[in-house]
Amino acid sequence: MTQTPALVIRPAQPADAAACARIYGHYVRESVATFETVAPSPAQMSQRMAEAARRHLWLVACRGDDVLGYACAHAFGERQAFDWTCETSVYVDIDAQAGGIGRALMTELIDGLTTLGQRRAVARIEASNVGSVRLHERLGFRSAGTLERVGFKHGAWRDLVLLQLDLAADGVDLESAPV
């Protein structure tokens, strides 16, 4: 009997860019989980990873040498007033779904973002992606509304469900936070 290596969640490294691009590329081409319509190259994914790591996080889930998914956060908006709010994403290899990888990644991401001093995490999820909405709700995200028919992909208008999670309680001294 062969033992399956343990799942390891760690910060992404430049060498992970090709695997992350492959995982994400499936969702770009085959689903409405993202509104992006052209899959980024490994070089473009590497650039995104580096940008996210400057102020937020990019994590990968691995078994042995295989990257099975990733979760990341990036700025919610360009204006300085948004510095305490981030947007999160999680993608799991289509062949590794329903194994708890997304939950494990998001749990680590949330913990890391809290440590970094982020105050709110926001997720924008295409309304028919019920599995992702449920995952986020189980992790404590709550509904912040729906944006109707804001994206057009695969021949139809798509709605976005907005969810948010409080990472820091009111009264936190934002002046001394490590962000």
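Residues numbered from 1 in each chain as written. Predicted model: local features only at pLDDT ≥ 70, side-chain atom pairs only at ≥ 80, totals over all residues. Heavy atoms only, no water.

S.K.: Can you help me understand the pairing of strand 2 (residues 58-63) in this one?
M.R.: The side chains of a regular strand alternate, residue by residue, between the two faces of the sheet. Burial of strand 2 is extensive: five of the six residues sit out of reach of the surface. Where strand 1 (residues 7-11) lies against strand 2, five bridges are found, and the strand directions are antiparallel. From the neighbouring strand, R10 faces strand 2, where its bridge partner is V60. Summarising the sheet, strand 2 and strand 3 (residues 66-75) pair through six bridges and their orientation is antiparallel. Bridge assignment links R63 to a residue of strand 3, and that residue is D66. Hairpin remark: strand 2 followed by strand 3, antiparallel, with two residues in the connecting loop; positive phi at G64, about 60°. (Buried < 20%, exposed > 50% of the residue type's maximum accessible area, 1.4 Å probe, protein only. Helix = DSSP H or I, 4+ residues; strand = E, 2+ residues; numbered from the N terminus. Pairing = 2+ DSSP bridges.)

S.K.: Sorry if this is basic, but what is going on with the packing of aromatic side chains here?
M.R.: Geometry of an aromatic ring pair is reported as the spacing of the ring centres plus the angle between the planes. Enumeration over the complete set of coordinates arrives at six aromatic pairs. Ring centres of Y27 and Y91 lie 5.2 Å apart, and the angle between their planes is 55°; on these two criteria the pair is classed as tilted. Within this pair, whereas Y27 is found in helix 1 (residues 17-30), its partner Y91 is found in strand 4 (residues 85-92), the two being separated by 64 residues in sequence. The exposure class assigned to Y91 is buried, which follows from its relative accessible area of 10%. Relative to Y91, the ring of Y70 has its centre 5.7 Å away and its plane inclined at 40°; by these criteria the two rings are tilted. (Phe/Tyr/Trp six-rings, centres within 6.5 Å; stacked < 30°, edge-to-face > 60°.)

S.K.: Which parts of the structure should I look at to understand the pattern of salt bridges?
M.R.: Counted under the stated rule, the structure contains nine salt bridges. Across the pair R120 and D166 runs a salt bridge, and its minimum N-O distance is 2.9 Å. With R120 in strand 5 (residues 120-126) and D166 in strand 7 (residues 156-166), this pair connects stretches of sequence that are 46 residues apart. Judged by its relative accessible area of 21%, R120 falls in the partly exposed class. Taking the relative accessible area as the measure of exposure, D166 reaches 38% and is therefore partly exposed. Linked by salt bridges that have partners in common, R120, R142 and D166 make up one network. (Salt bridge = Lys/Arg side-chain N within 4 Å of Asp/Glu carboxyl O.)

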